[in-house]
Amino acid sequence: MSAADDSKHRAATRLVTGGRSGDFANSVVNPPVWRASTHLYDSCADLRARKSENADGQFFYGRRGAPTQWALSEALTALEPGAAGTVLYPSGLAAIAGALLAVLRKGDVLLVADNAYDPTRSTAMGLLQNFGVEHRFFDPLDHEAFEAAFCDRTRAVMLEVPGSLTMEVCDIPALARIAREKGAVSLLDNTWATALGFPALERGCDITITALTKHVGGHSDVMMGAASAGDRWYRRLRLGAQQLGQVVSPDDAALVLRGLRTMGVRLERQSATALALAEWLIARDDVAHVLSPMLPGTPDHAIWKRDFTGGCGLFSFVLAGRDDAARCRLIDALDLFGIGYSWGGFESLALPFDVEPVRSEMAWPKEGWGLEDRYAIRLSIGLEDKGDLIADLAAGFAAMNEG
Ligand SMILES: *Cc1c(COP(=O)(O)O)cnc(C)c1O
């Protein structure tokens, strides 16, 4: 079995076969943990020869990884049509910052989607600005404004879909095409759908980034990030990561690889439960809006149906005319939903967030929304029984309305 053989199989199979081409592949099913800083050479001539090579999957020194990390990279590359390779980073945010640092230089302008993950915005406004990279936010739903935002120094475009918290689905193929025509490199934070739900490079993006901490790890016990790209940009990413000294531990890589094997069935189940809960929520009088592209009838659903082959368990809803205290009564009464950051694990989570004007280019609160509908909750749906989760939410709403 080799990575090349993987290409003739569908994604569900590639989750199982990916990353199993190493020397160990005939002896054990999943690659073992290779802990190594020093790699040994056969001779001085061997040492000298390897030094100049800098090829993937070659022993050199621990910072370039060992078979466990290589196996994970190989499996992620096999999952991403159009990818030549995958670079691993110690967190999702490290992958975003590392990829941006690898493609940008002083004097460049970076366009950032206005609905990007908040720490991505902070990296643009902080670190990158300090290194002489300017940024502009743009509304990813307004293609004319996007085109108008380019100047002759625009080097890169940072996209995310669906929008962080607000869950809009923009037309990634169209935005990536415009970026390419303008000579800019497009990067997509594809953490929500993963390569299973949205093959980003095939849809026109140059670099696709995933917080493996979420669905791929899947068990809320490990942090990691990845960036995959075709040959040209993969080389840049890899060099950038080497110069930044980025490396992930083999123990963590083994955990993420173990998570990856079951990601397909977890996402299917979590998507189905999330859709059922979204439908249950939208039918309630005390819910003003449900923000999920998987929900038929929403404006984002058509584009999601067109471009995506799957979803996940993450979505949000806005309470109708309730205050913060009422929202806290609801969340605090939940038994099965933990209160915490992150998402994509096997357990359900609930997180409060406010509908406040945090966007600079997009209408948020959305046009036509009532001013009194301000308190929102983001849910990450895990693998619990659907009926149990609905009963838990019903008890939460009862506590809210009794208060
Ligand atoms: C969590 C998250 C990240 C960052 O991942 P970490 O591993 O927590 O650094 C990036 N993008 C999105 C969309 C995320 O949800």
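Worth saying up front: this structure is predicted, and the values here are computed from it rather than measured.

A closer look at the overall build of the protein chain
Part 1 of the argument: Along the protein chain, the regular secondary structure elements total 15 helices and 12 strands.
Part 2 of the argument: Radius of gyration (C-alpha) of the protein chain: 22 Å, near the 22 Å computed for a compact globule of 403 residues.
Part 3 of the argument: Considered along the principal axes of its C-alpha atoms, the protein chain spans approximately 75 × 50 × 35 Å.
Part 4 of the argument: Excluding contacts between residues fewer than 6 apart, the proportion of contacts in the protein chain whose partners are at least 24 apart in sequence is 74%.
Part 5 of the argument: Distance between charge centroids for the protein chain: 8 Å, based on 40 positive and 51 negative side chains.

A few points about the site of the ligand
Part 1 of the argument: Lining the immediate surroundings of the ligand are 13 residues, of which Gly92, Leu93, Asp189, Thr213 and Lys214 lie closest.
Part 2 of the argument: Between the ligand and the protein, one listed contact pairs an oxygen atom with a backbone N or O atom of leucine 93 at 2.8 Å.
Part 3 of the argument: Within the complex, the protein chains bury 89% of what would otherwise be the 380 Å² of accessible surface of the ligand.
Part 4 of the argument: The biggest single contributor to the shell around the ligand is helix 5 (residues 92-103), with three residues.
Part 5 of the argument: Residue composition of the shell around the ligand, by class: six nonpolar, four polar and three charged.

A short note on the pattern of salt bridges
Part 1 of the argument: Tallied over the entire structure, the rule returns 15 salt bridges.
Part 2 of the argument: In this structure, the salt-bridge partner of arginine 50 is aspartate 46, at a minimum N-O distance of 3.6 Å. Taken as a pair, arginine 50 and aspartate 46 lie in helix 3 (residues 44-53) at a separation of four residues, close to a single helical turn.
Part 3 of the argument: Note on arginine 50: relative accessible area 23%, which makes it partly exposed.
Part 4 of the argument: Between arginine 327 and aspartate 324 there is a salt bridge; the shortest N-O distance is 2.8 Å. Highlighted residues: arginine 327 and aspartate 324, both in helix 14 (residues 324-332), separated by three residues, approximately one helical turn.

Here we look at the domain arrangement of the protein chain
Part 1 of the argument: Assigned domains within the protein chain: domain 1 (3-259) and domain 2 (264-402).
Part 2 of the argument: The C-alpha centroid of domain 2 is placed 28 Å from the C-alpha centroid of domain 1.
Part 3 of the argument: Carbon and sulfur atoms supply 59% of the area that domain 1 and domain 2 bury against each other, a total of about 3000 Å² over both sides.
Part 4 of the argument: Between arginine 306 and aspartate 171 there is a salt bridge, and its shortest N-O distance comes to 2.7 Å.
Part 5 of the argument: For the pair domain 1 and domain 2, the number of links is 17 residue pairs in polar contact (both at pLDDT 80 or more).
Part 6 of the argument: Elements supplying a minimum of two residues to the side of domain 1 that touches domain 2: strand 3 (134-138), helix 8 (172-181) and helix 9 (194-197).
Part 7 of the argument: Per element, the largest residue contribution to the side of domain 1 that touches domain 2 is three residues, and it comes from helix 9.
Part 8 of the argument: A breakdown of the residues in the side of domain 1 that touches domain 2 according to their chemical character gives 18 nonpolar, 13 polar and seven charged.

Some remarks on the nonpolar core
Part 1 of the argument: If you look at the biggest cluster of nonpolar residues, it comprises 83 residues, and the most contacted ones within it are Val157, Trp192, Leu260, Phe315, Phe317, Phe337 and Leu379.
Part 2 of the argument: Mapping this core onto the domain boundaries places at least three of its residues in each of domain 1 (3-259) and domain 2 (264-402).
Part 3 of the argument: Not counting residues within four places of it along the chain, the set of residues in contact with leucine 260 comprises Leu15, Ala75, Leu76, Leu79, Val216 and Arg266.
Part 4 of the argument: One finds Val103, Val133, Leu187 and Leu237 within the second-largest nonpolar core, a separate group that totals 29 residues.

Rules used throughout
- Residues numbered from 1 in each chain as written.
- Predicted model: local features only at pLDDT ≥ 70, side-chain atom pairs only at ≥ 80, totals over all residues.
- Heavy atoms only, no water.
- Helix = DSSP H or I, 4+ residues; strand = E, 2+ residues; numbered from the N terminus.
- Rg over C-alpha atoms; globule rule 2.2 N^0.38 Å.
- Contact = heavy atoms within 4.5 Å.
- Lys, Arg positive; Asp, Glu negative; His and termini not counted.
- Charge placed at Lys NZ, Arg CZ, Asp CG, Glu CD.
- Near = heavy atom within 4 Å.
- Polar contact = N/O pair within 3.5 Å; in protein donor to acceptor, adjacent residues only side chain to side chain.
- Areas by Shrake-Rupley, 256 points an atom, 1.4 Å probe, with all protein chains shown as cover.
- Nonpolar A, V, L, I, M, F, W, Y, C, P; charged D, E, K, R; others polar.
- Salt bridge = Lys/Arg side-chain N within 4 Å of Asp/Glu carboxyl O.
- Buried < 20%, exposed > 50% of the residue type's maximum accessible area, 1.4 Å probe, protein only.
- Domains from an automatic or database assignment.
- Buried area = accessible area lost by both parts, 1.4 Å probe.
- Core = buried A, V, L, I, M, F, W, Y, C linked by side-chain atoms within 4.5 Å.

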